[in-house]
Amino acid sequence: MKTKIISTILLLNVFVFTMKATTSVQGRIIEESTNLPMEYTNILLLSIPDSAFVTGTTSDENGLFQFNNLNNGKYVLKISYIGFEPKLIPIVISSEPLELGSIKLEESNILSEVIITSKIPPFQAGINGGIVANVSTTLLSSVGTASDVLQRMPGVISDNGKLSVFGKGAPIVYINNRKVQDASELERIESSEISTVELITNPGAKYDAEGRAVLLIKTKSRTNGFSTQVTERLRIGKYLGDNENISAAYTTGGLNLFATYYHNYSKRESTEDHYFTLENEEGVWKYNTLLPDYVYSNNSQQISAGFDYSMNDIHSVGGQYQFYTSDYKDTMPIYTTTDLNDDRYETSQAQTSSKNDGYRHLVNAFYNGDLSDRFSLRLDFDYLKNHDEGKQQSNEIINDSDTRIVDIFNQTDYDLYAGKLTNSWKSGFGLVEFGAEYNYISGDGFVRSNGSTDNTEFTNKEQKTAGFASYSHTLWNVNVVAGLRYEFTSEQFTEGEEKTEIIDRSYSDWYPNLSVSGALGDVNLSFAFNKRTRRPSFSQLNGNVVYINRFVFQRGDPYLKKSNIYDLNLQATLKAFTISGGYAYTKNPVLFFLTEQENNANSILSTYANFPKYRELYATFNWNTRIAFWQPNYSISAAQPFFSANYNGQMIDYDKFNYNFRAYNDFTLPAGWVLSCNFMHWSDRQDAFFELVSYQRLDLGVRKSFLNNSLRMNLMVYDIFNGVKLENQMKINNLDWFSNQKFESRYASLSITYLFNNYRKKYRGSSAAQDDINRFN
């Protein structure tokens, strides 16, 4: 252990002392006639004497801009904004940070557009590692929705509609400091409304310890008055799906009012084949289950409304209410054959219908106080009420006998209360952030059946108290951030009508994080280490049983424990190239697996359990630039897992090397048309027990804006050659499972959006509950 600590300290010293002398430049852009801040001003840093492009950025909503990790020397700042006179400012970079103060721009008598946005790179290194996407000033602003922007971020992968960060898992996503609770929200924000997106791969202490990666989306501000946006999207496959989004906002003085309504209906078809092999004392059992051409649909709606009021330059308050409801239905024909030692034991056929209904009430409130130039605080509160209920009926015929009817009804209800206080103190010695948060969750549920499964009831309570502190400072021209988070969690779980206590436990832990970043010549480097955790989701803890057939069942496990994850990351950025890599060690990972059911002979239970450890090496390389009318964005990611488990009495390795390749190509054509050609390839890969077969996908699309960007059209055709397939195999203990699923991956999407006054009001609060709310998804 001592050797590892000494080696790490030596590595950090080498990293720090090999950096060139670098510093930062910052300033504020304001309008000369009004002294108001100017957002989205383009600032280019050019070298002297050749005026070569070094880097670029845009000002934020307060008119502020900043360049970090600059080498000493002479430069020129080129500042421009449409309708204003451009300004050139010569500067000299030395060892001390350069503060330019307020820079005033004067309105131009001749309104002419200065086309310089193509010089600002789409992606830049973040101050403390990670990646920042300049959306509003690049072609990213026209790719479609926020979801389309995120999946173009280096290291971010969209696999069958689910976002993940390579080597990190599912990220926490925030929009203007508010945590996204529903992934469909990313489809309701146009890319043209986004200012920047930041990917943080080493989240600091103020973020929940469960977040291994964070995506921060910042939208644009708009003018005062009334605004509205109406979007209609059609999904054209075997069945027609549609979604509608209507939003409106009104701003006057310091008061902002906003409301949205969203509806989505989808209907799709899928085919699944499952082959199970179970070896026990009676012999070799083989279960072949076919689900041909079953249809499932989902109908969901969401309404939200809120306000944001700035009482003065110091105090602001706000609140938001969201109501979400969903209705899922499916009808499945299920054909099963069962063999024992290659002799036919049983045949069955069933018609299964499932219906899942749910609703969610979510209330957010916040207070922001900029109490001085140095000190500020933020208070955030959340209340969530979540209700889910499911009904399942199977009409099953076994060996041509009479029909056997299986009825299962389950219901779960959860309430969550959360509060968070965040303080910030700025000084010449750095930035200190500290605060505390508290979450309380109370839930109950039950399962009722007509004898096919056990009837159960449960209650669940959780409390989490956390405190955090972080410090950031530029030391020896290297930016250092260090943080520490403490969490104490208690859990109680009961079963049965008598509420017999099954679990009563508590645990506490410390979660440190450290990042060091700087420049080595033209290369921006960052090194980071953190410790994170992952608590089981409520679906993984849920003891409700899903009946597949009389030999196959599915349920969660309330005894699951949290996992701890230790992350080590390195990143290097050179102009259009970014390479990152890391090593992750997970202790007690929660994994999905199959086992023989204890109280039901010769049947299979799919469930979750903690395993000793899971390790992984991962790396991502990205190239993104603009060449004339072509903007390529290419990424290749690779991973080497290290995991072992028991299969048929011996330990086997699940360590297949895997990679994925993504090629996004956008072409700007005459008359404002944009053509997209995107290709993705996933190799054969292993995810713990799962071994997945490779597949690829090709998408084509075209988009254009009309009526001075008030009317927008986007047409995409996904998986043109119908190449997406889900084939996987699992081997564990005395079980072998092979499955093959084909869903509607080839379809067209057409969206039409109309905007009046081109405005979306920001909610300036953040989520106090953070990942706890996400556990209900």
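Values in this document were obtained by computation on a predicted structure and should not be read as measured data.

**Notes on the overall build of the protein**
Reasoning step 1: Check the secondary structure of the protein and you find four helices and 47 strands.
Reasoning step 2: Taking contacts inside the protein between residues at least 6 apart in sequence as the whole, the part at least 24 apart equals 64%.

**Focus: the nonpolar core**
Reasoning step 1: One finds F611, F643, F689 and M730 to be the most contacted residues of the largest nonpolar core, which totals 27 residues.
Reasoning step 2: Looking at this core, the elements with two or more residues in it are strand 18 (255–280), strand 19 (283–310), strand 33 (590–596), strand 34 (604–610), strand 37 (644–647), strand 42 (690–692), strand 45 (726–732) and strand 46 (735–743).
Reasoning step 3: Broken down by element, the residue count for this core peaks at four residues, all from strand 33.
Reasoning step 4: Non-local contacts of M730, meaning those with residues more than four positions away in its chain, are made with F592, F593, L594, F689, F690, L735, D736 and W737.
Reasoning step 5: Judged by nonpolar contacts, the second largest core, of 24 residues, contains V135, L140, V149 and V197.

**Some details on the sheet that holds strand 9 (residues 131–134)**
Reasoning step 1: With respect to topology, six strands assemble into an open sheet ordered 8-9-14-15-12-13, the strand pairing being mixed. Edge positions in the sheet fall to strand 8 (123–125) and strand 13 (178–179), since each of these pairs with one other strand and no more.
Reasoning step 2: Relative to strand 9, strand 8 runs antiparallel, the two being bridged by three bridges. Opposite Q124, over in strand 9, you have V132 as the bridge partner.

**Describing the packing of aromatic side chains**
Geometrically, a pair of aromatic rings is defined through the distance of the ring centres and the angle of the planes.
Reasoning step 1: Taken as a whole, this structure holds 35 aromatic pairs when the rule is applied.
Reasoning step 2: Centroid distance F592 to Y608: 5.6 Å. Interplanar angle 65°. Geometry classified as edge-to-face. Taken together, the residues F592 in strand 33 and Y608 in strand 34 connect sequence positions 16 residues apart.
Reasoning step 3: Through a chain of ring-to-ring contacts, the aromatic side chains of F593, F611, Y614, F643, Y654 and F689 assemble into a single cluster.
Reasoning step 4: In this arrangement the basic side chain of R235 is found over the ring face of Y747, its NZ or CZ atom lying 3.9 Å from the centre.
Reasoning step 5: When the ring centre of F706 is taken as origin, the NZ or CZ atom of K704, which lies over that ring, is 5.2 Å away.

**Considering the sheet that holds strand 5 (residues 73–80)**
Two orientations exist for strands paired in a sheet by backbone hydrogen bonds: parallel and antiparallel.
Reasoning step 1: Spatially, 3-2-5-6 is the arrangement adopted by the four strands of the open sheet, whose pairing is antiparallel. Here the strands that pair on one side only, and so sit at the sheet edges, are strand 3 (53–58) and strand 6 (87–93). The mean angle between the axes of side-by-side strands here comes to 25°, regardless of whether they run parallel or antiparallel.
Reasoning step 2: Alignment of strand 5 against strand 6, held across seven bridges, turns out to be antiparallel. Along strand 6, the bridge assignment pairs G73 with I93.

**Points about the pairing of strand 23 (residues 403–427)**
Reasoning step 1: Direction of pairing for strand 22 (residues 375–398) relative to strand 23: antiparallel, over a ladder of 23 bridges. The residue bridging E396 from the neighbouring strand is R404, located in strand 23.
Reasoning step 2: Turn length for the strand 22-strand 23 hairpin, with the two strands adjacent in sequence and antiparallel, is four residues, and the turn residue N399 shows positive phi of about 50°.
Reasoning step 3: Between strand 23 and the antiparallel strand that follows it, strand 24 (residues 430–449), lie two residues.

**Overview of the pattern of salt bridges**
Reasoning step 1: All told, the structure shown has 24 salt bridges when counted by the stated rule.
Reasoning step 2: Taking the shortest distance from any N to any O, the salt bridge between R404 and E396 comes out at 3.1 Å.
Reasoning step 3: Between R485 and E437 there is a salt bridge, with the nearest N and O atoms lying 2.9 Å from each other. Here E437 lies in strand 24 and R485 lies in strand 26 (residues 478–495), a separation of 48 residues in the sequence. Judged on exposure class, the residue R485 and its partner E437 are both buried.
Reasoning step 4: Shared partners join several salt bridges into a network, and the residues in it are D208, E210, K464 and R535.

**Let's talk about the environment of T251**
Reasoning step 1: Considering the arrangement of structural elements, one finds T251 in strand 17 (residues 240–252).
Reasoning step 2: Once the C-alpha coordinates of T251 and G225 are considered, the two residues, 26 residues apart in sequence, prove to be 5.0 Å apart.
Reasoning step 3: A distance of 3.1 Å separates a polar atom in the side chain of T251 from a polar atom in the side chain of N256.

**Section: the confidence of the model for the protein**
Reasoning step 1: Per-residue confidence for the protein gives a mean pLDDT of 84; residues scoring 70 or more make up 89%.
Reasoning step 2: Within the protein, the lowest mean pLDDT, 46, falls on helix 1 (residues 2–17), and the highest, 94, falls on strand 40 (residues 674–682).
Reasoning step 3: Low pLDDT, under 50, characterises residues 8–21; the predicted model gives this stretch 27 contacts beyond four residues in sequence or across chains.
Reasoning step 4: Low pLDDT (under 50) marks residues 110–118, which in the prediction has twelve contacts with non-local residues, meaning those over four places away or in another chain.

**Concerning the environment of I79**
Reasoning step 1: Here I79 is to be found in strand 5.
Reasoning step 2: Given a relative accessible area of 0%, I79 falls into the buried group.
Reasoning step 3: Taking the C-alpha atoms as reference points, I79 and G56, 23 residues apart in sequence, are found 9.9 Å from one another.
Reasoning step 4: The contacts of I79, once residues within four sequence positions are left out, are I29, T41, N42, I43, P86, K87, I89, I103 and L105.

**A closer look at a nonpolar patch on the surface**
Reasoning step 1: Nonpolar side chains collect at one region of the surface, where F226, Y250, L257, F307, Y309, M311, Y754 and F756 lie side by side and expose about 760 Å² of accessible area between them.
Reasoning step 2: Elements supplying a minimum of two residues to the nonpolar patch: strand 19 and strand 47 (747–756).
Reasoning step 3: Within the secondary structure layout, Y309 lies in strand 19.

So, how was this worked out
Residue positions are given per chain, counted from 1 along the sequence in the order it is written. Where local features are concerned, this predicted model is filtered to residues with pLDDT of at least 70; where side-chain atom pairs are given and counted, the filter is 80 or more; whole-chain, interface and lining totals use all residues. Side-chain descriptors were evaluated using all non-hydrogen atoms of the structure, hydrogens and water having been removed beforehand. Elements are defined by DSSP. Helices are runs of H or I of four residues or more, strands are runs of E of two residues or more, and each kind is numbered from the N terminus. For this analysis, residues touch if any pair of their heavy atoms sits within 4.5 Å. Side-chain atoms within 4.5 Å link the members of a nonpolar core, which is a set of buried Ala, Val, Leu, Ile, Met, Phe, Trp, Tyr and Cys residues. Residue exposure (1.4 Å probe, protein chains only): buried if accessible area is under 20% of the type maximum, exposed if over 50%, otherwise partly exposed. Two strands are counted as paired when DSSP detects at least two bridges linking them. For Phe, Tyr and Trp, where Trp contributes only its six-membered ring, two rings pair if their centres lie within 6.5 Å, and the inter-plane angle classes them as stacked under 30 degrees, edge-to-face over 60, or tilted in between. Charges are assigned to positions over rings by a cutoff of 6 Å between ring centre and Lys NZ or Arg CZ, combined with an angular limit of 35 degrees from the ring normal. Note on method: axes are straight lines fitted to C-alpha atoms, helices fitted across the in-contact stretch only, with angles between N-to-C directions ranging 0 to 180 degrees. A pair is scored as a salt bridge if a Lys or Arg side-chain nitrogen falls within 4 Å of a carboxyl oxygen belonging to Asp or Glu. Definition of a polar contact: a pair of N or O atoms within 3.5 Å, with one able to donate and the other able to accept a hydrogen when the atoms are protein atoms, and with sequence-neighbouring residues admitted only if both atoms are side-chain atoms. Confidence of the predictor at the level of single residues is given by pLDDT, which spans 0 to 100. Without a salt bridge and with relative accessible area above 30%, a residue can belong to a patch; like charges are then joined within 9 Å and nonpolar side chains (Val, Leu, Ile, Met, Phe, Trp, Tyr) within 5 Å. In this description, accessible areas are obtained by the Shrake-Rupley approach with a 1.4 Å probe, and a residue is regarded as covered only by the protein chains that are shown.

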